[in-house]
Amino acid sequence: MDVCKTITEKFPCRKKIVKELINLISYDEEMFPNAIHIHGHTGTGKTTIIKHLLKESVRRNNENVFNVAFVNCVESYSSRILFENIAETLCSENAEEVKVENLKDFVERLRQLKTEDTRYIIALDNAERLRDMEANVLPSILRLQELSGLNLCVILITQLPLEKFYCKTSIDEPIIVYFPQYTKSETLKILSADFKNAQNLLISQLQRNKTENLEQKIDVINTVSRDFFNNYLNLFLGVFYKACRDLSELKITARKCFTYYMTPILEGNVDMSDVSRLWRCVAGQLRTALMQVYIRNGQPKSGAELNDKDSVKIAQSLELPYYGKYLLIAAFIASYNSSKEDKRLFVKNHGKRRKRMQAVNAKAKVAEKMSTYIGPKSFSVDRLLAIFYAILEEKVGLTCNLLSQISTLVNLKLLSFVSGENSMDGTSRLQCTVGLEFIVCISQVVGFNVRQYLCDFN
């Protein structure tokens, strides 16, 4: 249990999963399981936790009886390279001497390793790439313990559930371990542990910029309490949590935005206890950072350097297919419009609309109530396609190529899944992660006026 304590101190909110993994690959067990399938969304700690867990297990046990091969399937893009990389790690020979031509040679190489009390673990990151290899690779990988006769466990680390790995030849069922996304309270707890790093980053920026009254400002930063930082994180997650669940991205952005939050305090314009004024000062910067949460062009900009012009530059440098641009525009409209307004905006004969006092008052929106200010809402794939066909002048059939462009936008982090990420059907719900200035620039490229289809401007 010492390993469990060490890992959970580094990675809070994952104690239950760490215990489960330790029980599966503990040295106290006589035989390892054949295979473990670990899946979960990006940024949930799968790869990092497995790396640390295997490293701690090797360190606490004799390395001669606990051998680990950790291979990234993106780098090992063919079965031959994959087998050779595993064999090089597990075998004692030099890399030049290990040559594996096919699966048969690989299994034979493993059989030569057979010794008593020696245990082997093969961890394959980005394991979804195995589906692109020969049909016999994945089923054989899951049966390596049986084929080699070794006390060997294969760990598949992937974003996809096991259903996406089924093939015609069938596969042996591995043990499934699921890494769920962090809840808002768990995310707050993890980001709160980054307090000292956020302080040090702010101090280093002031020193690098040779700011006036440097020592006085550093003293102010050192007086910042953890409660003050947690209050900032609550505001930060209120803006970012719906649009981004990737913990590493949130951690980077939270550090960067903390400098904006502290700027009016360091300049003496706002008192540290005046939370409402601090929010009004930082709200614009948070919106701008939200547009660039997944799109970092070169070195991260700080303070006043980060503005809407950067979003325009990124949008201009982004090369998307013609229909991909329209899909992104449709996604933005779906995110920032109510579904109740679709008929009025996209159907010619939508009937008369009575002007009630309530509707007139709703039109007179202040900035804080505008949809583009509040943030993106989720939408279904069906609604996305309906808006896409409504704004596109030409007729286009619903093809695999068109649907694949939605996946491309998701991979580019221009769209993100809110739910149903494992299936592109009616149950899937998406969100647009780009801002208004970004989408205006994209729409200008295709000659489309996006503002006339946004409720905030109608």
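The shown structure was predicted, so the numbers you read here are calculated from the model rather than taken from an experiment.

## Things to note about the packing of helix 15 (residues 322–336) against helix 21 (residues 436–445)
Each pair of packed helices gets described by two things: the angle between the helix axes and the distance between those axes.
Step number 1: Running from N to C, helix 15 and helix 21 point in directions that differ by 140°, and their axes come no closer than 10 Å. In terms of orientation, helix 15 lies oblique with respect to helix 21. At the point where helix 15 passes helix 21, the crossing takes the left-handed sense. Where helix 15 abuts helix 21, its residues Lys-325, Leu-328, Ile-329 and Phe-332 lie against Leu-436, Phe-438, Ile-439, Ile-442, Ser-443 and Val-445.
Step number 2: Counted by class, the contact of helix 15 with helix 21 contains eight nonpolar, one polar and one charged residues.

## What about the packing of helix 4 (residues 79–90) against helix 5 (residues 103–111)?
Step number 1: One can describe the packing of helix 4 onto helix 5 by two numbers: an axis separation of 10 Å at closest approach and a directional angle of 10°. Relative to helix 5, helix 4 is oriented roughly parallel. For the pair helix 4 and helix 5, contact is made by Phe-83, Ile-86, Ala-87 and Leu-90 and by Leu-103, Phe-106, Arg-109 and Leu-110, respectively.
Step number 2: In terms of residue class, the contact of helix 4 with helix 5 is made up of seven nonpolar, no polar and one charged.

## Side note on the sheet that holds strand 8 (residues 429–432)
Step number 1: A sheet is described by the order of its strands in space; here three strands give the open sequence 6-8-7, paired in antiparallel fashion. The open sheet has two free edges, formed respectively by strand 6 (379–380) and strand 7 (415–419), since each of these has just one partner strand.
Step number 2: In this sheet, strand 8 lies alongside strand 6 in antiparallel orientation, the contact comprising two bridges. Bridge assignment links Phe-379 to a residue of strand 8, and that residue is Leu-430.
Step number 3: Strands strand 6, strand 7 and strand 8 of the sheet are contacted by helix 15, whose axis makes an angle of about 100° with strand 8.

## Quick word on the side chain of Thr-187
Step number 1: Structurally, the position occupied by Thr-187 is in helix 8 (residues 184–192).
Step number 2: Discounting residues that sit within four places of it in the chain, Thr-187 has contacts with Tyr-182, Leu-237, Tyr-241, Leu-247 and Leu-250.

## Details of the sheet that holds strand 1 (residues 35–40)
Step number 1: Taken in spatial order, the five strands make up an open sheet running 2-3-4-1-5, and their pairing is parallel. The two strands at the open ends of the sheet, each matched to only one other strand, are strand 2 (66–72) and strand 5 (175–179). For this sheet, the mean inter-axis angle between neighbouring strands, taken without regard to orientation, is 15°.
Step number 2: Of the strands in this sheet, strand 1 and strand 5 touch helix 2 (residues 15–24), which is tilted by about 155° from strand 5.
Step number 3: Running at roughly 150° to strand 2, helix 4 makes contact with strand 2 and strand 3 (119–125) of the sheet.

## Quick look at the environment of Asp-274
Step number 1: Following the sequence through the fold, Asp-274 ends up in the loop between helix 12 (247–266) and helix 13 (275–291).
Step number 2: In terms of polar contacts, Asp-274 uses its side chain to reach the side chain of Ser-276, at 3.1 Å.

## Thoughts on helix 1 (residues 2–10)
Step number 1: Of the positions making up helix 1, those classed as buried are Val-3, Cys-4, Ile-7 and Thr-8. Angularly, the buried residues of helix 1 cover 120° about the axis, an arc narrow enough to put them on a single face. Exposed residues pointing more than 90 degrees away from the buried face of helix 1 are listed as Asp-2, Lys-5 and Glu-9.

## Digging into the nonpolar core
Step number 1: Ranked by internal contacts, the top residues of the largest apolar core, which has 43 residues, are Leu-328, Ile-329, Ile-333, Ile-391 and Phe-448.
Step number 2: Of all the secondary-structure elements, those providing two or more residues to this core are helix 15, helix 16 (342–346), helix 19 (381–391), helix 20 (400–411), strand 7, strand 8 and helix 21.
Step number 3: In terms of residue count, the dominant contributor to this core is helix 15 (ten residues).
Step number 4: Contacts of Ile-329, omitting those with residues within four sequence positions, involve Ile-391, Ile-439, Ile-442, Ser-443, Val-446, Phe-448 and Val-450.
Step number 5: One finds Tyr-232, Val-239, Cys-244 and Leu-286 within the second-largest nonpolar core, a separate group that totals 38 residues.

## Describing the environment of Gln-405
Step number 1: Here Gln-405 lies in helix 20.
Step number 2: When its relative accessible area of 9% is taken as the criterion, Gln-405 is described as buried.
Step number 3: For Gln-405 and Pro-321, which are 84 residues apart along the polypeptide, the C-alpha to C-alpha distance reads 8.2 Å.
Step number 4: Look past the residues within four positions of Gln-405 in its chain and what remains in contact with it is Pro-321, Tyr-323, Gly-324 and Leu-327.

## Let's talk about the environment of Lys-5
Step number 1: Following the sequence through the fold, Lys-5 ends up in helix 1.
Step number 2: Each C-alpha atom, one on Lys-5 and one on Lys-19, is 9.5 Å from the other, the two residues being 14 residues apart in sequence.

## Looking at the pattern of salt bridges
Step number 1: The full count for this structure, using the stated rule, is six salt bridges.
Step number 2: We note a salt bridge from Arg-111 to Glu-108, for which the minimum N-O separation is 3.9 Å. Of this pair, Arg-111 and Glu-108 both sit in helix 5, three residues apart, roughly one helical turn.
Step number 3: For Glu-108, a relative accessible area of 39% gives the class partly exposed.
Step number 4: One salt bridge connects Glu-146 with Arg-143, and the closest N-O pair in it is separated by 3.0 Å.
Step number 5: Salt bridges linked by common partners bring Arg-80, Glu-84 and Glu-101 together as one network.

## Quick word on the pairing of strand 4 (residues 151–158)
Step number 1: With respect to burial, strand 4 is a largely interior element, eight of its eight residues being buried.
Step number 2: Side chains of strand 4 alternate between two faces, with Asn-151, Cys-153, Ile-155 and Ile-157 and Leu-152, Val-154, Leu-156 and Thr-158 buried alike.
Step number 3: Two strands pair when backbone bridges link them, and strand 1 and strand 4 are joined in this way by five bridges, in the parallel orientation. Bridge assignment links Ala-35 to a residue of strand 4, and that residue is Val-154.

## Re the confidence of the model for the chain
Step number 1: Here the chain averages 81 in pLDDT, and 81% of its residues register 70 or above.
Step number 2: This model gives residues 297–307 a pLDDT under 50, and the stretch forms 18 contacts once residues within four places in sequence are excluded.

Rules behind the numbers
Residues numbered from 1 in each chain as written. Predicted model: local features only at pLDDT ≥ 70, side-chain atom pairs only at ≥ 80, totals over all residues. Heavy atoms only, no water. Axes fitted to C-alpha atoms, helices over the stretch in contact; angles between N-to-C directions. Helix = DSSP H or I, 4+ residues; strand = E, 2+ residues; numbered from the N terminus. Parallel < 35°, antiparallel > 145°, perpendicular 65-115°, else oblique. Left-handed = near helix turned anticlockwise from the far one by under 90°. Contact = heavy atoms within 4.5 Å. Nonpolar A, V, L, I, M, F, W, Y, C, P; charged D, E, K, R; others polar. Pairing = 2+ DSSP bridges. Polar contact = N/O pair within 3.5 Å; in protein donor to acceptor, adjacent residues only side chain to side chain. Buried < 20%, exposed > 50% of the residue type's maximum accessible area, 1.4 Å probe, protein only. Arc of directions from axis to C-beta. Core = buried A, V, L, I, M, F, W, Y, C linked by side-chain atoms within 4.5 Å. Salt bridge = Lys/Arg side-chain N within 4 Å of Asp/Glu carboxyl O. pLDDT = per-residue confidence, 0-100.

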